[in-house]
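Report on the structure
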Amino acid sequence: MTTRGVTLAALLAALGRPAWWLLALAGFLVRGGVLLFVLAIVSLPSPLVVSNIVAPLVVPLVLGRIDAGTLALVGLAVGLVAAWLIGGGWAAAATEIALIRDAPEAMVDEGLESRPPARPGGLLTTRVMAAHLLAHVPTALALAIGSVRIANVAYLELTSPFEVATPLLLRIIGGAAAPLGAILVVWVLGEIVGGVAVRRIVLDGASLFGGLRGAVADLVRRPAATALPAVATLLVLAVDLAALLGAIAFVWSQVRERVLDTLTGGPALVIGLLALGGTWVGALALTGLIDAWRSAAMTF
């Protein structure tokens, strides 16, 4: 069967298994997806407020002067990110293992050939988490290098912008398009390599580094068959998130106006809150479905 046919079979399998949606959604949220849903209902501060908050931290870094307070704040931020990467990565690995182990049976149900998985060995969840983290080492390097250019652009836009009609975020993205694009490409490659390595570990019983080597070899020998399911479903997920989070933000703005408006009657406010809840639940369910499809397509 072609790669497109297998990807379609994975979609049909995911549609008939709502339990997969919950597992995939849980993994997506703990890996950082929850921040996207929170940002949909949070009003971003104005450029002046951002400048007042960021300038005391950015200026010493740009000038090469770092005091003890700034160093402690940077250390705290690094510690929180590390705790999230390890804790969230471990929880996401557990949900991913469950999805991968269910996939061979689903393949048989969809009329595809399957084979029994090998014994994965001990510390499976830890190895799966480590495979994803190691696959994103190039992403971390690209982020570290590109962040210098991004910080310089942000500093200029906050302190001496050429024009203020365009929103601050869009000005920063436009000025740092090259490093942001490079970071995005390296991140996508890390997602593909990590995902394939994890499936080699769970289904083939490969070691941590053996799974990573096999994933890189697959990407080199069969780039289309290896990358197409991951890239196609990732694009669908990105479009889905953009549309759904935009819908949540719109509904939330309407509800917030009704909450602040003392003249709004009770029924109108209740209807608005129900609309917000329904939009949020629908967005979570569809996101879980697409992420489950993505997991199944890579496994199939």
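The following paragraphs examine the structure supplied in this document. What you see is a predicted model; the values in this text were computed from it and never measured. (Residues numbered from 1 in each chain as written. Predicted model: local features only at pLDDT ≥ 70, side-chain atom pairs only at ≥ 80, totals over all residues. Heavy atoms only, no water.)

Below, the discussion takes up the overall build of the protein. In terms of regular secondary structure, the protein is built from 11 helices and zero strands. Counting from the amino terminus, helix and strand elements in the protein follow one another as α-α-α-α-α-α-α-α-α-α-α. Taken over 300 residues, the protein has a buried fraction of 37%. If you sum the accessible surface of the protein, you get close to 16600 Å²; carbon and sulfur atoms cover 75% of it. (Helix = DSSP H or I, 4+ residues; strand = E, 2+ residues; numbered from the N terminus. Buried < 20%, exposed > 50% of the residue type's maximum accessible area, 1.4 Å probe, protein only. Areas by Shrake-Rupley, 256 points an atom, 1.4 Å probe, with all protein chains shown as cover.)

So, on to the nonpolar core. A general tendency of soluble globular proteins is for nonpolar side chains to be buried together. Counting 31 residues, the largest nonpolar core has Trp20, Phe37, Ile248 and Phe300 as its most contacted members. Top contributing element to this core by residue count: helix α11 (residues 266-299), with eight residues. Excluding residues that lie within four positions of it along the chain, tryptophan 20 makes contacts with Ala13, Ala14, Leu99, Asp102, Ala103, Ala106, Ala292 and Ala296. Listed in part, the 26 residues of the second largest apolar core include Val196, Ala197, Leu203 and Ala230. (Core = buried A, V, L, I, M, F, W, Y, C linked by side-chain atoms within 4.5 Å. Contact = heavy atoms within 4.5 Å.)

The next subject is the side chain of glutamate 96. Looking at where glutamate 96 falls in the secondary structure, it is placed in helix α4 (residues 68-109). Every residue in contact with glutamate 96, bar those within four places of it in the chain, is listed here: Val128, His132, Val198 and Arg199.

What follows deals with helix α9 (residues 208-221). Three or four residues apart is the spacing at which side chains of an α-helix point the same way, because the helix has 3.6 residues per turn. Here α9 contains 14 residues, and its C-alpha end-to-end distance of 20 Å stays within 8% of the 20 Å for a straight helix at 1.5 Å per residue. For α9, every residue scored as buried is listed here: Leu208, Gly211, Leu212, Gly214, Ala215, Asp218 and Leu219. End-on view of α9: buried residues confined to an arc of 165°, all on one side of the axis. Turned more than 90 degrees off the buried face of α9, the exposed positions are Phe209, Arg213, Val220 and Arg221. (Expected span 1.5 Å × (residues − 1). Arc of directions from axis to C-beta.)

A full pass over the atoms with the stated rule returns eight salt bridges. Among the salt bridges present, the one from glutamate 96 reaches arginine 199, with a minimum N-O distance of 3.3 Å. Here glutamate 96, found in helix α4, pairs with arginine 199, found in helix α8 (residues 177-204); they are 103 residues apart in sequence, far enough to count as distant. For the pair glutamate 96 and arginine 199, a shared accessibility class is recorded, and that class is buried. Across the salt bridge formed by arginine 294 and aspartate 291, the nearest N and O atoms sit 3.9 Å from each other. Of the two residues, arginine 294 and aspartate 291 both sit in helix α11, three residues apart, roughly one turn of that helix. Look at the salt bridges and you will find they share partners, linking Arg31, Glu191, Asp291 and Arg294 into a network. (Salt bridge = Lys/Arg side-chain N within 4 Å of Asp/Glu carboxyl O.)

Following the sequence through the fold, serine 253 ends up in helix α10 (residues 223-260). Judged by relative accessible area, which is 18%, serine 253 ranks as buried. Distance from serine 253 to alanine 40, taken between C-alpha atoms, is 9.9 Å for residues 213 residues apart in sequence.

The next subject is the packing of aromatic side chains. The tally for this structure, following the rule as stated, stands at one aromatic pair. Directly above the ring of tryptophan 20 sits arginine 17, whose terminal nitrogen or CZ lies 5.3 Å from the centroid. (Phe/Tyr/Trp six-rings, centres within 6.5 Å; stacked < 30°, edge-to-face > 60°. Lys NZ or Arg CZ within 6 Å of the ring centre and 35° of its normal.)

Here we take up the side chain of aspartate 291. Here aspartate 291 falls in the buried class, since its relative accessible area comes to 12%. When neighbours within four sequence positions are excluded, aspartate 291 is seen to be in contact with Ala24, Phe28 and Leu237.

Even without a glycine there, the phi angle at leucine 123 is positive, about 50°. Assignment of secondary structure puts leucine 123 in the loop between α4 and α5 (124-135). Judged by its relative accessible area of 67%, leucine 123 falls in the exposed class.

Together, Val81, Trp84, Leu85, Ile86 and Leu133 give the surface a local cluster of nonpolar side chains, amounting to about 430 Å² of exposed area. In terms of residues, the nonpolar patch owes the most to one element, α4, which gives four residues. The partly exposed category is assigned to leucine 85, whose relative accessible area is 36%. (Patch = residues over 30% accessible without salt bridge, like charges linked within 9 Å, V, L, I, M, F, W, Y side chains within 5 Å.)

If you check α5, its first and last C-alpha atoms are 16 Å apart, about what 12 residues at 1.5 Å a residue would give, namely 16 Å. Among the 12 residues of α5, nine are classified as buried, and the element is accordingly described as predominantly covered. Here α5 has its buried residues at Leu124, Thr125, Arg127, Val128, Met129, Ala130, Ala131, His132 and Ala135.

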